[in-house]
Amino acid sequence: MRPVRSAPVRHLNVQLDDMTLHVLAFGEHTTGAPPLLCLHGVTGNAWLWHDVADHLSQGGLVLAPDLRGHGDSRWSAKAEYSTSDHVRDLAGILDALEIEVCDIAGLSWGGLIALEYTANYPGRVRRLAVLDVEPSYQQADDAVPPRPTQFPDRNSVYTWERAANLNAPDPLLHLFAASSVRPGDDGTWARKHDRFFFTRWPFRNDDAWATLEQLRLPTLFLHGERSFVRRQVMEEMAARVHGAVFHSLKDTGHLLPLEAPQSVSEHLEAFLRS
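Numbers given for residues are sequential positions, taken from 1 along each chain in its written order. Where totals are concerned, whole chains, interfaces and linings use all residues; where local detail is concerned, this predicted model gives features only for residues with pLDDT of at least 70, and gives and counts side-chain atom pairs only at 80 or more. For side-chain calculations, the full set of non-hydrogen atoms in the structure is used, while hydrogens and water are omitted.

(A) Up close: the nonpolar core. Side-chain atoms within 4.5 Å link the members of a nonpolar core, which is a set of buried Ala, Val, Leu, Ile, Met, Phe, Trp, Tyr and Cys residues. Note on exposure labels: buried denotes an accessible area under 20% of the residue type's maximum, exposed denotes more than 50%, and partly exposed covers the range between, all computed with a 1.4 Å probe on protein chains only. In this structure, Ile104 and Phe221 are the most contacted members of the largest nonpolar core, which totals 49 residues. Helix and strand assignments come from DSSP, with helices taken as H or I runs of at least 4 residues and strands as E runs of at least 2, each series counted from the N terminus. Here this core takes 6 residues from helix 3 (residues 109–120), the largest share from any one element. Every residue pair with non-hydrogen atoms within 4.5 Å of one another is taken to be in contact. Apart from the residues lying within four places of it in its own chain, the contact partners of Phe221 are Val130, Leu212, Met234, Met237, Ala238, Val241, Ala244, Val245, Phe246 and His247. If you look at the next biggest cluster of nonpolar residues, it comprises 38 residues, including Leu56, Val157, Ala168 and Phe271.

So, in structure tokens, the structure goes:
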């Protein structure tokens, strides 16, 4: 794998009781707009938001945390990985960084976390963007699609990610692939998330339809045209929220910030700055 380079970014480590959470910080906090918090989904990490966060940081502070059990954040010894656990982490991060009001963009499971946080702390979120997720599932939480647990080298990681994310810009995909693994004890490269997520996806137990009915803030829904997430479901989600905006991004898969960072940046910038 070729050397990778990122935009200027700061690494923050927020200690919450026995949980240490790693956060990427792009740009600076200004008085013009609240910080934007970008949340990834299951088995992802903060780096998939790199290009979007770098672009939007021209207007202020953008924060992208690694969820507990992912990336460089700590794993839970008791496998406490419910959406509510992540919501409490999010509240703790914002309190620790003394952020009273923010905007949130959440992808996949990150979108469900963003929805629950907004419902629990309605005065602390100005605008909400939900990317490519359904509010409830028919699949059981242990019906996890098979995926490789380790790779012989980092080039193999890139090859796997390229097949899964057809249109991702090459520099961003190299960065995401490199950040998604760590050296294993046997010379291989292991996924940089808790092995728990190879067998369980707790958000499959969520039902956020009622949460949508509670929203009273500007809300954007973004869908990937090639995603397994059903367009009609996301359109129904938008219909449940007064004044919500819905867009489907052409020829884009599930990981929108990875496959279509320019389009996602443009939609978010227009939505957040309007």
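(B) Spatial organisation of helix 9 (residues 261–273). Helix span, as expected, comes to 1.5 Å for every residue beyond the first. Between the first and last C-alpha of helix 9 there are 17 Å, a value that for 13 residues agrees with the 18 Å anticipated at 1.5 Å per step. Along helix 9, the residues classified as buried are Pro261, Val264, Ser265, Leu268, Phe271 and Leu272. Projected onto a plane normal to the axis of helix 9, the buried residues spread over an arc of 140 degrees and lie on a single side. The exposed set on the far side of helix 9, more than 90 degrees from its buried face, consists of Gln262 and Ala270. Arc definition: it is the arc formed by the directions from the helix axis to the C-beta atoms.

(C) Summary view of the side chain of Ser76. Mapped onto the fold, Ser76 is located in the loop between strand 4 (62–65) and helix 2 (83–96). Discounting chain neighbours no more than four positions away, the residues touching Ser76 are Met19, Arg68, Tyr81 and Asp194.

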